[in-house]
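Working through the structure, step by step
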Amino acid sequence: MKKEPQFPLDLTFFGLTSDKASEYRINVLTEVHETVFYGGGGYIWSEVYNMPIYLRRFTLAKLKEHFDKVNETSKPKDNKKQNLVDSSGKVNVPQFKAASSKYK
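First things first, this report covers the structure right here in the doc.

Reading the values: rules and limits
- Residues numbered from 1 in each chain as written.
- Predicted model: local features only at pLDDT ≥ 70, side-chain atom pairs only at ≥ 80, totals over all residues.
- Heavy atoms only, no water.
- Helix = DSSP H or I, 4+ residues; strand = E, 2+ residues; numbered from the N terminus.
- Buried < 20%, exposed > 50% of the residue type's maximum accessible area, 1.4 Å probe, protein only.
- Contact = heavy atoms within 4.5 Å.
- Areas by Shrake-Rupley, 256 points an atom, 1.4 Å probe, with all protein chains shown as cover.
- Salt bridge = Lys/Arg side-chain N within 4 Å of Asp/Glu carboxyl O.
- Phe/Tyr/Trp six-rings, centres within 6.5 Å; stacked < 30°, edge-to-face > 60°.

Turning to the overall build of the chain, a few remarks are in order. What the chain contains, in helices and strands, is four helices and zero strands. Secondary structure of the chain in N-to-C order comes out as α-α-α-α. By residue count, 11% of the 104 residues in the chain fall in the buried class. A separation threshold of at least 6 residues defines the contact pool for the chain, and within that pool the share at least 24 residues apart is 33%. When the accessible surface of the chain is split by element, carbon and sulfur atoms take 59% of a total near 9600 Å².

Glancing now at the environment of Lys62. Position of Lys62 among the secondary structure elements: in helix H3 (residues 53-74). The spacing of Lys62 and Thr35 is 27 residues in sequence and 9.9 Å in space, taken between C-alpha atoms.

According to the stated counting rule, one finds six salt bridges in the structure shown. Measuring nitrogen to oxygen at the nearest pair gives 3.0 Å for the salt bridge that ties Arg57 to Glu31. With Arg57 in helix H3 and Glu31 in helix H1 (residues 18-38), this pair connects stretches of sequence that are 26 residues apart. Assessed through its relative accessible area of 47%, Arg57 is described here as partly exposed. We classify Glu31 as buried; its relative accessible area is 13%. We note a salt bridge from Lys62 to Glu65, for which the minimum N-O separation is 3.8 Å. Placement of both Lys62 and Glu65 in helix H3 is noted, with a separation of three residues, approximately one turn of the helix. Relative accessible area serves as the criterion here: at 41%, Lys62 is assigned to the partly exposed category.

Once that is clear, we can look at the packing of aromatic side chains. Summed over the entire model, instances satisfying the criterion amount to three aromatic pairs. Note on Phe37 and Tyr38: the rings are 4.9 Å apart at their centroids and 90° apart in plane angle, and the pair reads as edge-to-face. With relative accessibility at 54%, the residue Phe37 sits in the exposed group. Centroid distance Tyr38 to Phe67: 6.1 Å. Interplanar angle 70°. Geometry classified as edge-to-face. Remark: Phe67 occurs in helix H3 and Tyr38 occurs in helix H1; sequence separation between them is 29 residues. Members of the aromatic cluster, joined through ring pairs, are Phe37, Tyr38 and Phe67.

This is the structure in structure tokens:
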């Protein structure tokens, strides 16, 4: 009797292996979610899901670039931290007066 060759069910030539498919799916869905969520209402889920991969990744990279710029401009310019209360719990009166003068 001639023995038939056995082929594994998870050949990778034509597709993903079963252990990598779930990881790939999570990555795709994460890209779609982040683009829709952070896109400010400019994208709908089906539109992003059906985008070509290069375009979806380009869009996501541009969103990241935009939010990095926004975060950079929203940081305070001077990094001096003003402490109005000292370590003993008492208010530092001169610093408190200086800080509160702009709110009068």
